[in-house]
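# Coordinates in review
What follows is the residue order along each chain.
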Amino acid sequence: MSVLIAGAGIAGLVMGLTLHQLKVPFRIFERVSELKPLGVGINLQPNAVRELMDLGLGPELDRIGVRTRQYGFYSKSGREIWVEPRGLAAGYRWPQYSLHRGKLQMMLLEQLKRRAGADVIITGAAVSGFETSDDGAALLFRDGRREEGSIAIAADGIHSAIRRQMAPDEGEPIWNGAVMWRGTSPARHFLGGNAMFLAGHDHQRFVAYPLSPEDPDTGHAEINWIAELRTDPSKALSRGDWNKPAEKDAFLPAFESWTFGWVDCPGLIRSSGLVYEYPMVDREPLPGWTVGAVTLMGDAAHPTYPVGSNGASQAIIDARKLGAAIRAHGASRAALLAYEAEMRPRAEAILRANRGKGPDAVMQMVEDRCGGVFDDIEKVIPRAELAAHAEHYKRLSGFSIDTLNAQPPILGPL
Ligand SMILES: Cc1cc2nc3c(=O)[nH]c(=O)nc-3n(C[C@H](O)[C@H](O)[C@H](O)COP(=O)(O)OP(=O)(O)OC[C@H]3O[C@@H](n4cnc5c(N)ncnc54)[C@H](O)[C@@H]3O)c2cc1C
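For clarity, every value in this text was computed on a predicted model and none was experimentally measured. (Residues numbered from 1 in each chain as written. Predicted model: local features only at pLDDT ≥ 70, side-chain atom pairs only at ≥ 80, totals over all residues. Heavy atoms only, no water.)

## Here's the deal with the sheet that holds strand β11 (residues 146-149)
Whenever strands of a sheet pair, they do so through backbone hydrogen bonds, lying parallel or antiparallel. For clarity, the cut-off: What makes two strands pair is DSSP finding at least two bridges between them. Helix numbering and strand numbering both begin at the N terminus, where a helix is a DSSP run of H or I of at least 4 residues and a strand a DSSP run of E of at least 2. The angle between two axes is taken between their N-to-C directions and runs from 0 to 180 degrees, where each axis is a line fitted to C-alpha atoms and a helix contributes only its stretch in contact.
Reading across the sheet, the three strands line up as β9-β10-β11 and stay open at both edges, with antiparallel pairing between neighbours. Each end of this open sheet is capped by a strand with a single partner; those strands are β9 (127-133) and β11. The sheet shows a mean angle of 20 degrees between the axes of neighbouring strands, taken without regard to direction. Bridge analysis of β9 against strand β10 (residues 136-141) gives six bridges, and the strand direction is antiparallel. Among the inter-strand pairings, Glu131 is bridged to a residue of β10, identified as Ala138.

This is the structure we're talking about:
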């Protein structure tokens, strides 16, 4: 019997590629009738890049993404708080990539179809729930269909139907009152190229990074940006739809003065095409992910604020860890429990860190201590404290440089 996967997002597709690598039969059921390259920019951390390279996808990542060289925090007036090298420049054996989510999803889809055949993905198949015993699972569909398998894996995102059956009282995702407006614009690289920056504090923030190299003719690259404002959390907002278009007037005035000399934030907003609005939402961690022979992965298991460049990376690690557990225990409840025992505590720690003391918490510390205005950052937060803070989050998320470099592969190359 084959493994059943609900959802052909990043998590579900990497799960499929991993099961194909392990020669375990599987099928993926996706709600939409045609997958389209939706979303804007995301980052893949070296731990996740390593896994995609072990799946033979290294050249594809170079084709669709940019190797991120630098990551930094800045005050609301554009003063440097903390800058660190990333990926190969930091000493990892694997790069970090900034890339378009939709391009990544399309690349994974094409590779999966090429390797495993187009019929492993069934589109237009919206999962509504599951049935399970300890040694088998069935997915139930909105159109009344029912499919049986050895195990079922929910990779159906933040509004997972399978999670809803496991936790029927959970309700909608929890909103913290912040709204992110996201877009991409044609502009030059900044800060020496291939650099990502976050500026501001908890109540107002701007994040940007390039998704492509500069075009030799125009000098322009595709720059991804996120403008974030905290509003009144009691205001009703969308429940977390990644594709909700928005008007620039809602946030552009608040960023009008954010021209730092080295980057023009209002200029980036003005020159973008469509802008999307997304509320900063997550969910309380569940006490368990596995019911009978059904488990959760990716955003279905641990939806968290997209603040640590971690959502897609953790989804990829889930897929590889679940693959390793299936190799060790077969496609069985024992494999699902082994995977959950390893990944759930880590996911919960990341979620809690992202709620408060994520890597960017230093920006609010600077705002609290000096209103974002300073000559010497050492007098506001000693560099040793900034370094310890950055290292703590990397360790938590599994991409501490020395640890990751020394770690054996989760599954190894193809
Ligand atoms: C359209 C879209 C745009 C996004 N844009 C961004 C972005 O710009 N920036 C960012 O940081 N993150 C974005 N994300 C979220 C990001 O992709 C995830 O946080 C991360 O990659 C983890 O992926 P996942 O596979 O667990 O979830 P997702 O990428 O959300 O994938 C879930 C998949 O399951 C499918 N699905 C949902 N319900 C059902 C169902 N009942 N039955 C069958 N299939 C179902 C969905 O159509 C989707 O293909 C976006 C997600 C989506 C779906």
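There is more to say after this.
## Some details on the packing of helix α1 (residues 10-21) against helix α4 (residues 101-116)
Using the following cut-off: The scheme is simple: roughly parallel for angles under 35 degrees, roughly antiparallel for over 145, roughly perpendicular for 65 to 115, oblique for anything else. In this scheme the crossing of two helices becomes right-handed for a clockwise turn of the near helix relative to the far one and left-handed for an anticlockwise turn of less than a right angle. The contact definition used throughout considers only heavy atoms, calling two residues in contact when any of these lie within 4.5 Å. Just so you know the grouping, Ala, Val, Leu, Ile, Met, Phe, Trp, Tyr, Cys and Pro go in nonpolar, Asp, Glu, Lys and Arg go in charged, and all remaining residues, Gly too, go in polar.
Remark: α1 packs on α4, axes separated minimally by 10 Å, with the N-to-C direction vectors making an angle of 25 degrees. Taken as axis vectors, α1 and α4 run roughly parallel relative to one another. Every pair of crossing elements has a handedness; the one defined by α1 and α4 is left-handed. Taking contact as the criterion, the partners of Ile10, Leu13, Val14, Gly16, Leu17 and His20 in α1 are, on α4, Arg101, Leu104, Gln105, Leu108, Leu109, Gln111, Leu112, Arg115 and Ala116. Of the residues in the contact of α1 with α4, the class split is nine nonpolar, four polar and two charged.

## Thoughts on the sheet that holds strand β7 (residues 96-100)
Pairing is antiparallel across the open sheet formed by three strands, whose spatial order is β3-β7-β4. Pairing within the sheet leaves two strands with one partner each, and these edge strands are β3 (41-44) and β4 (65-68). Within the sheet, the average angular offset between the axes of one strand and its neighbour, ignoring direction, is 25 degrees. Examined bridge by bridge, β3 and β7 share four bridges and lie antiparallel to one another. Paired with Asn43 across the bridge in β7 is Ser98. Packing against the sheet, helix α2 (residues 46-54) makes contact with β3 and β7, and its axis sits at approximately 80 degrees to β7. The sheet strands contacting α4 are β3 and β7, and the helix crosses β7 at an angle near 95 degrees.

## Looking at the site of the ligand
Definition in use: Nearness is judged by heavy atoms alone; a residue qualifies as near a molecule or strand once a single heavy atom is within 4 Å of it. The term polar contact refers here to a pair of N or O atoms within 3.5 Å; inside protein, the definition further demands a hydrogen-donor-capable atom paired with an acceptor-capable atom, and it admits residues adjacent in sequence only when both atoms are side-chain atoms.
Taken together, 29 residues lie around the ligand, and Ala11, Glu30, Arg101, Arg182 and Asp299 are the ones closest in. In the environment of the ligand, an oxygen atom lies 2.6 Å from a nitrogen or oxygen atom belonging to the side chain of Glu30. Side-chain polar atom of Arg182 to an oxygen atom of the ligand: 2.5 Å apart, as the coordinates give it. It is helix α9 (residues 311-329) that contributes the most residues to the shell around the ligand, three residues altogether. Residues belonging to the shell around the ligand are distributed by class as follows: 14 nonpolar, nine polar and six charged.

## Brief notes about the packing of aromatic side chains
This is how it is decided: Here a Phe, Tyr or Trp ring, Trp counted by its six-membered ring, pairs with any other such ring whose centre lies within 6.5 Å, and the pair is stacked when the planes are under 30 degrees apart, edge-to-face when over 60, and tilted otherwise. A 1.4 Å probe rolled over the protein chains alone gives each residue an accessible area, and that area as a share of the maximum for its type sets the label: buried under 20%, exposed over 50%, partly exposed in between. Criterion for a charge above a ring: Lys NZ or Arg CZ within 6 Å of the ring centre, and within 35 degrees of the ring normal.
Under the defined criterion, the tally for this structure stands at 15 aromatic pairs. Note on Phe197 and Trp262: the rings are 4.9 Å apart at their centroids and 85 degrees apart in plane angle, and the pair reads as edge-to-face. Taken together, the positions of Phe197 in strand β14 (residues 195-201) and Trp262 in the loop between α6 (252-255) and α7 (265-270) put the pair 65 residues apart, joining distant regions of the chain. Look at Phe197 and you get buried, because its relative accessible area is 0%. Geometrically, the ring pair formed by Phe255 and Trp258 is edge-to-face, given 5.0 Å between the ring centres and 70 degrees between the ring planes. On the basis of relative accessible area, Trp258 is assigned to the buried category, the value being 5%. An aromatic cluster is present here, built from Tyr74, Trp181, Phe190, Phe197, Phe206, Trp225, Phe251, Phe255, Trp258, Phe260 and Trp262 joined pairwise through their rings. A cation over an aromatic ring shows up here: Arg86 above the ring of Tyr71, its NZ or CZ 4.1 Å from the ring centre. Arg145 extends its terminal NZ or CZ atom over the ring of Phe141, reaching a point 5.0 Å from the ring centre.

Such coordinate-based values are descriptive only and should not be taken to indicate function.
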